[in-house]
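Survey of secondary and tertiary structure
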Amino acid sequence: MGKHDVEITPAERAEVLEAARTLAKEFAVAGPSADAENRFPTELVPLYKDSGLPAIAIPKKYGGLGADIATTAEVSRELAKGDPAIALAFNMHQTMIGIFRGLLDEVTRERVFTEVVREHKIICGPFSEDRAGLSGLADTKAIPDGNGGWRIHGKKTWATLCLGADIVAFNATITDTDGRLPEDFTEHAAQEAVFVLPMDSPGISIVETWDTMGMRATGTHTVVFDDVPAPANSYGGNFRNGLFGEFEWASVSFAAVYLGLAEKAYAETREILKKKTLGATLEGKDVALKGVGFVQYGLGRMLVDVETAARALETTGRILIEGRDAEWDPIARAGFVDVTKVTATETAIRVTDAALRLVGGSSFRRGHVLERLYRDARGGPFHPLTTDQAYDLLGRAELGLLGAP
């Protein structure tokens, strides 16, 4: 099989998308209170598991549906139309499944995928730390225990979905027996490995640190590893090189969530503008907002933005499935993959900006659907690669500076 071969049938794809649309209705109901209370809605975890969505991207040889990257992204897009913050949380699982298709060694991959298919387990994947996020080499330590395993010490931030996960995948640097991290950064990177453990392993705890402007329902807390036993079969291979070889599963899925956010904002704005009247004003006895020229222009501009992002997502999926990403500069590949995420996240920001301006001051009130979407959209630039990192990587590639001393 090729990396992005399509296994899922058209009929299976239709069923999966319908399941996502059905579940999105539950997300929409839970979203307002989850945001207001700054909590991850754990009551949705059984519904997500029962929907059949957790195993869609697992290849058929392991018992999944073999959904391709475009189909998996469409699922996240549909869920985000219900509630983007909740969708972003569960998107973490789909991202990890996609990355694991190429990142893990075969033994670990088969074990984890079997648990997802047969036991409906959910995965979270915190790979960032306070010091430098995903780009920083892991300070979390895996200290050899003398029996072929390790003891894990450290903590991971941005642990989206951790409150709903059964499995945690993370990166830690394998040290010497005294727990010393390599001083040379190339050696440090070479010793950075992926580990996959049950979330209820002794020594793993969650510190609820998530209190943010937007995306509040994601439950993106901090996971602490306090002398956690990691047996030999928890090792999943080298992290740094493996991750960026599968980076599209993060970029494309994040893009899909923020595209769904933008589409939801557009649809909500359109329906408000169709119905809202200003009553008597200096312009007339009963002024309908939809009759105002700049409102019509603004809505049309929002639609163009949303359509542009949608076409970028669709095109990127097609490029990956057809293998045309092989034409990209391999050193800059993550940046080229990230074009769709940058497009979607920047679109979400512009569209929600425009939505508040067109609808007016009522949308500025706490709890208004557009106020919430406006805040959620602000999370987009922080997902790795961050928007500025993507611009920088592509700019250096175009100037012939990559690989230069």
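Relevant structure appears above.
Description of the structure in this document.

Attention now moves to the nonpolar core. Counting 118 residues, the largest nonpolar core has L53, F90, F100, I123 and F195 as the members making the most contacts within it. Considering each element in turn, this core owes the most residues, 14 residues, to helix 8 (residues 248-275). Contact partners of F195, with chain neighbours within four places excluded, come to A142, W150, V168, A169, F170, A172, I174, A230, S234 and Y235.

Following the criterion strictly, the structure yields 39 salt bridges and no others. One salt bridge connects R375 with D35, and the closest N-O pair in it is separated by 2.8 Å. Note that R375 is positioned in helix 12 (residues 369-377) and D35 in helix 1 (residues 10-37), a separation of 340 residues in sequence. The exposure class assigned to D35 is buried, which follows from its relative accessible area of 10%. Within the structure, one salt-bridge network assembled from shared partners comprises E18, R21, E74, R77, E78, K81 and E263.

Summarising burial for strand 5 (residues 192-198): six of the seven residues are buried, a large majority. Where strand 4 (residues 167-174) and strand 5 come together, seven bridges link them in antiparallel fashion. Within strand 5, the residue paired with F170 across the bridge is F195. Here strand 5 pairs with strand 8 (residues 235-238) via two bridges, running antiparallel.

What follows is about the environment of R216. The residue R216 is located in the loop between strand 6 (204-207) and strand 7 (221-230) in this model. Between the C-alpha atoms of R216 and A34, which are 182 residues apart in sequence, the distance is 7.4 Å. Dropping the residues within four chain positions of it, R216 is found in contact with D35, A36, N38, R39, A85, W210, D211, R375 and D376. Here the side chain of R216 touches D211 through a polar contact of 3.1 Å, side chain to side chain. Engagement of the side chain of R216 in a polar contact is seen with the backbone oxygen of T212, the distance being 2.9 Å.

This brings us to the packing of helix 4 (residues 84-103) against helix 8. As a packed pair, helix 4 and helix 8 sit with axes 8 Å apart at the nearest point and diverge in direction by 160 degrees. Here helix 4 lies roughly antiparallel to helix 8, going by the angle between them. Here helix 4 and helix 8 pass one another in a crossing that is right-handed. From helix 4, P84, A87, L88, N91, T95, G98, I99 and R101 reach across to helix 8, where they touch W249, A250, S253, F254, V257, Y258, L261 and K264.

In this structure, L385 follows P384 across a cis peptide bond, with omega equal to -15 degrees. Along the chain, L385 falls in the loop between helix 12 and helix 13 (387-398). Residue H120 is not a glycine yet carries a positive backbone phi of 60 degrees. Within the fold, H120 resides in the loop between helix 5 (106-119) and strand 1 (123-124). The class for H120 is partly exposed, based on a relative accessible area of 41%. Unlike most non-glycine residues, D227 shows phi in positive territory, near 55 degrees. Positionally, D227 belongs in strand 7.

This next bit is on the packing of aromatic side chains. A full pass over the atoms with the stated rule returns 13 aromatic pairs. A ring pair is formed by W150 and Y235, whose centres lie 5.8 Å apart and whose planes are at 25 degrees; its orientation type is stacked. Note that W150 is positioned in strand 3 (residues 150-159) and Y235 in strand 8, a separation of 85 residues in sequence. According to the relative accessible area criterion, W150 is buried, its value standing at 12%. In textbook terms, an aromatic cluster arises when at least three aromatic residues are bridged by ring pairs, as seen for W150, F170, F195, F225 and Y235. The positively charged end of R378 is found above the aromatic ring belonging to Y374, 3.7 Å away from the centroid.

Attention shifts here to the side chain of T157. With respect to the helices, strands and loops of the structure, T157 is situated in strand 3. Using a relative accessible area of 7% as the deciding quantity, one classes T157 as buried. In this view, T157 contacts P126, S128, E129, D130, H221 and T222; residues no more than four positions away in its chain are not counted.

Interaxial distance between helix 4 and helix 5 falls to 10 Å at its minimum, and their mutual angle equals 150 degrees. Judged on the interaxial angle alone, helix 5 and helix 4 are roughly antiparallel. Classified by chirality, the crossing of helix 5 by helix 4 is left-handed. Each of H93, I97, F100, R101, G102 and L103 in helix 4 lies in contact with helix 5, whose residues at this interface are R109, V112, F113 and V116.

Criteria and thresholds
- Residues numbered from 1 in each chain as written.
- Predicted model: local features only at pLDDT ≥ 70, side-chain atom pairs only at ≥ 80, totals over all residues.
- Heavy atoms only, no water.
- Core = buried A, V, L, I, M, F, W, Y, C linked by side-chain atoms within 4.5 Å.
- Buried < 20%, exposed > 50% of the residue type's maximum accessible area, 1.4 Å probe, protein only.
- Helix = DSSP H or I, 4+ residues; strand = E, 2+ residues; numbered from the N terminus.
- Contact = heavy atoms within 4.5 Å.
- Salt bridge = Lys/Arg side-chain N within 4 Å of Asp/Glu carboxyl O.
- Pairing = 2+ DSSP bridges.
- Polar contact = N/O pair within 3.5 Å; in protein donor to acceptor, adjacent residues only side chain to side chain.
- Axes fitted to C-alpha atoms, helices over the stretch in contact; angles between N-to-C directions.
- Parallel < 35°, antiparallel > 145°, perpendicular 65-115°, else oblique.
- Left-handed = near helix turned anticlockwise from the far one by under 90°.
- Phe/Tyr/Trp six-rings, centres within 6.5 Å; stacked < 30°, edge-to-face > 60°.
- Lys NZ or Arg CZ within 6 Å of the ring centre and 35° of its normal.

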